[in-house]
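# Breakdown of the fold
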Amino acid sequence: MKLLLAFSRRGRADPGREPVIARVVKETGVLVNVEKANIDSMAGEMLIDVPDANAALVRRRLEEMGVAVRVMENAIARDEAECVDCGACISVCPQEVFSFDEEWRIRVRSERCVLCGKCIRACPHGALSQQG
Amino acid sequence: MEKSLDLINARIRDGTARVVTAEDMPGIVDELGEEGALAEVDVVTTGTFGAMCSSGAFFNFGHADPPIRMERVWLNDVEAYAGIAAVDAYLGATQEAESKDSLYGGAHVLEELVAGGTVELRATSRGTDCYPRRSITTELLLEDMNQAVMVNPRNAFQRYNAAANTTDRTLNTYMGTLLPRCGNVSYSGAGTLSPLANDPGFRVIGSGVPIFLAGAQGMVVGEGTQHSAGSGFGNLMVTGDMKAMRQEFLRAAVMNSYGVTLYVGVGIPIPVLDTGIVRSTAVRDEDILTDIIDYGTPRRDRPSLATVSYADLRSGIVEIGSETIRTSSLSSYRQARAVAQELKDWIERGKMELALPTRRIDPAKRSKPMRETAVTPRVRDIMNRQVISITEDEEIRVAAKRLLKDETNHLPVLDGNGTLVGIITTYDVSKAVVTDGRLRQVKDIMTRKVIKTTPDEPVDVAARKLEQNNISALPVVDATNRVVGILSAIDLGKLFGGRRRR
């Protein structure tokens, strides 16, 4: 399950100074995959992937440390009315989220998405959007 | 054995014609042989669905009271060409709206009309004795127009070049997003289903032939503009009544940072008259070759990186040199199939009969590049040949003195052999002084990745490099990377004086 973490750099949960992720991993024993991190001077955002079974535990612990946690269920949404199944999204995606099925329709494996946004800009039909 | 068109049409009328799509034809020929396939199959339907920028429609709006001779016309703020009498206009798909924030253009207006939406017509005129009115604004549906005739000057190319990008920045092109360092390949076209790939000799596709155009029954006008069948890039001018079109087969699109385009579905039925046509309709993706062109070269003649087949492209992965690269299609194969399938259905149900060309299209014609009468200015025409440079082992202090003495802001940095290894600017020197007193030599502070130009590069290309990289000068190097000049933003001003002023 993907969790989108947001935190203020001014708060006590500042991964710029505090090893928040490492601490959660150590305490819970849950292995976390950091897929994207964007740490600015004022705020930070991080996308992590955790096993579904442990997601609630990791989430609770992060929230106790002052990190806002959002569950990303369908990171990328495809509007079927707009999509013409061309495939412009397929090769620009670094995570191989998109592929053709046997009928040459676009198949979306959104669990692989790391929210880079490349496909959204590349789609000629404005059919892709980010959740939330 | 040969089969006449009359026989095929008689079979279509009595519902016994055997119609297959171009996707199924290779298998049938494999199984029955050419003579067998000729006896078995009467019509092969083709289809393609992709971005066809060269599209648009003629409209007749009817006369208002008092009447107006429209000189300029806008449909939903997108300007249409009105220089064709009083209440007619041609709206091109790629024309963009004047005031909309997001990209909106002629293609969107065409789709909106076909979808049954309302479009605002705005027109102006100077007023005449017979047409006194000077402006009009009204809302129109497609059904309100007397005629809405789609005429697409250049559709359904035989094949399209595939695209890649060898530069180190992402390019946004009409071939979609091209990732740096050949990060992907994009392509277009329906391969085996593509109409002209099934009749490359233009034997049965020509003027007057009935076609599927965006859901309507249309026809081929003749060769498309820029038709170049002699080099494998034949195309068609096609027409059809917009009032019979369907949104599913006519979709507006926006290529990121490029502009508006229109996705059009085109399908052509091919009468199977003889074994020559059996052979040409048995074409497979493997047989249709195209080049992967480097769009990183901003010139008309771009180098080919590899030759591949549509089978390679559609497999999702191609090879350039020793690297495997993922491919993206810009056209929709699913929709191309839907076009060929619907056309098959029309013919099986007797809704469309076939016709032979009333005029043939030249299968050997090649299109020419533009004849340019004004010489395109090159970097060598305006570059500064007095280059003040410095070597990488000099002290920063020497560089500072040289910048001051020669009143320049850029110093190309050379190695012992005189080849370009870096560049430093006044800013780099100032920064070195302020931030760290320990840096001593030019090579400690120079930028090693130099953005440069060559003497024969067109000035427009060099100017775009300056703009995109937010820099103000480019070293000019020869083939051996020796500096032969420098081009600064100031030099660009030379274009506006002297010989160019007329």
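Residues numbered from 1 in each chain as written. Chains lettered and ligands numbered in written order. Predicted model: local features only at pLDDT ≥ 70, side-chain atom pairs only at ≥ 80, totals over all residues.

## A look at the overall build of chain A
- When you go through chain A residue by residue, the secondary structure sums to 3 helices and 8 strands.
- Order of helices (α) and strands (β) in chain A, N terminus to C terminus: β-α-β-β-α-β-β-β-β-α-β.
- Viewed in the frame of its principal axes, chain A has a C-alpha envelope of about 50 × 30 × 20 Å.
- A sequence separation of at least 24 residues applies to 62% of the contacts in chain A between residues at least 6 apart. (Helix = DSSP H or I, 4+ residues; strand = E, 2+ residues; numbered from the N terminus. Contact = placed C-beta atoms within 7 Å.)

## A word on the overall build of chain B
- When you go through chain B residue by residue, the secondary structure sums to 12 helices and 29 strands.
- Sequence-distant contacts, at least 24 apart, represent 68% of the contacts inside chain B between residues at least 6 apart.

## Quick look at the environment of B:T261
Residue and element names in this part refer to chain B.
- Relative to the assigned elements, T261 resides in strand β19 (residues 259–267).
- Judged by local crowding, T261 falls into the buried class, with 25 C-beta atoms found within 10 Å.
- Aside from chain neighbours lying at most four places away, what touches T261 is A51, C53, A93, T94, A107, A253 and M255. (Buried ≥ 20, exposed ≤ 12 C-beta atoms within 10 Å, placed from the backbone.)

## What to know about helix α8 (residues 396–405) of chain B
Residue and element names in this part refer to chain B.
- For α8, every residue scored as buried is listed here: I396, A399 and L403. The buried residues of α8 occupy one face: seen down the axis, they fall within an arc of 55 degrees. Turned more than 90 degrees away from the buried face of α8, the exposed residues are R397, L404 and K405.
- Those residues of α8 that are buried lie in contact with β25 (390–391), β26 (410–414), β27 (420–425), α9 (426–435) and α10 (442–445).
- E407 lies just past α8 and shows a positive phi near 50 degrees. (Arc of directions from axis to C-beta.)

## Examining the nonpolar core
- Counting 136 residues, the largest nonpolar core has A:C89, A:C119, B:V43, B:L91, B:L110, B:L262 and B:V272 as its most contacted members.
- Take this core: its biggest share by element is 7 residues, from helix α6 (residues 333–348) of chain B.
- Residue contacts for A:C89: discarding those within four places in its chain leaves A:F98, A:C119, A:A122, A:C123 and A:L128.
- Of all hydrophobic cores here, the second largest spans 25 residues; its members include B:L403, B:L411, B:L414 and B:L474. (Core = buried A, V, L, I, M, F, W, Y, C linked by C-beta atoms within 7 Å.)

## Looking at the confidence of the model for chain B
- Predicted confidence across chain B gives a mean pLDDT of 93, with 98% of residues reaching 70 or more.
- Predicted complex, confidence summary: ipTM 0.82, pTM 0.84. (pLDDT = per-residue confidence, 0-100.)

## Concerning the packing of α8(B) against α9(B)
All names here are of chain B.
- Packing of α8 against α9 brings their axes to within 10 Å, and their N-to-C directions diverge by 135 degrees. Taken as axis vectors, α8 and α9 run oblique relative to one another. In this structure, α8 crosses over α9, and the sense of that crossing is left-handed. Facing I396, A399, A400 and L403 of α8, the residues of α9 in contact are T426, V429 and A432.
- Here the contact of α8 with α9 is built from residues that sort into 6 nonpolar, 1 polar and no charged. (Axes fitted to C-alpha atoms, helices over the stretch in contact; angles between N-to-C directions. Parallel < 35°, antiparallel > 145°, perpendicular 65-115°, else oblique. Left-handed = near helix turned anticlockwise from the far one by under 90°. Nonpolar A, V, L, I, M, F, W, Y, C, P; charged D, E, K, R; others polar.)

## A word on the sheet that holds strand β20 (residues 269–271) of chain B
Residue and element names in this part refer to chain B.
- Strand order in the open sheet formed by 3 strands is β1-β2-β20, and the pairing between neighbours is mixed. Strands at the two margins of the open sheet, each flanked by one partner only, are β1 (19–21) and β20. Each strand of the sheet is rotated relative to its neighbour by a mean of 25 degrees, with strand direction disregarded.
- Bridging between strand β2 (residues 43–45) and β20 involves 3 bridges; their strand directions are antiparallel. Looking across to β20, one finds that V43 is bridged to P271. (Pairing = 2+ DSSP bridges.)

## Some words on the interface of chain A and chain B
- Counting residues at the interface gives 16 residues for chain A, matched by 23 residues for chain B.
- Split into classes, the residues belonging to the side of chain A that touches chain B amount to 8 nonpolar, 4 polar and 4 charged.

## Things to note about the domain arrangement of chain B
Residues and elements named next belong to chain B.
- Assigned domains within chain B: domain 1 (5–52 + 151–348), domain 2 (65–97 + 104–139) and domain 3 (379–500).
- Summarising the inter-unit geometry, the C-alpha centres of domain 1 and domain 2 are found 33 Å apart.
- Domain 1 puts 12 residues into the contact, and the matching count from domain 2 is 12 residues.
- For the side of domain 1 that touches domain 2, the secondary structure elements donating two or more residues are β18 (250–255) and β19.
- Class assignment of the residues belonging to the side of domain 1 that touches domain 2 gives a composition of 7 nonpolar, 3 polar and 2 charged. (Domains from an automatic or database assignment.)

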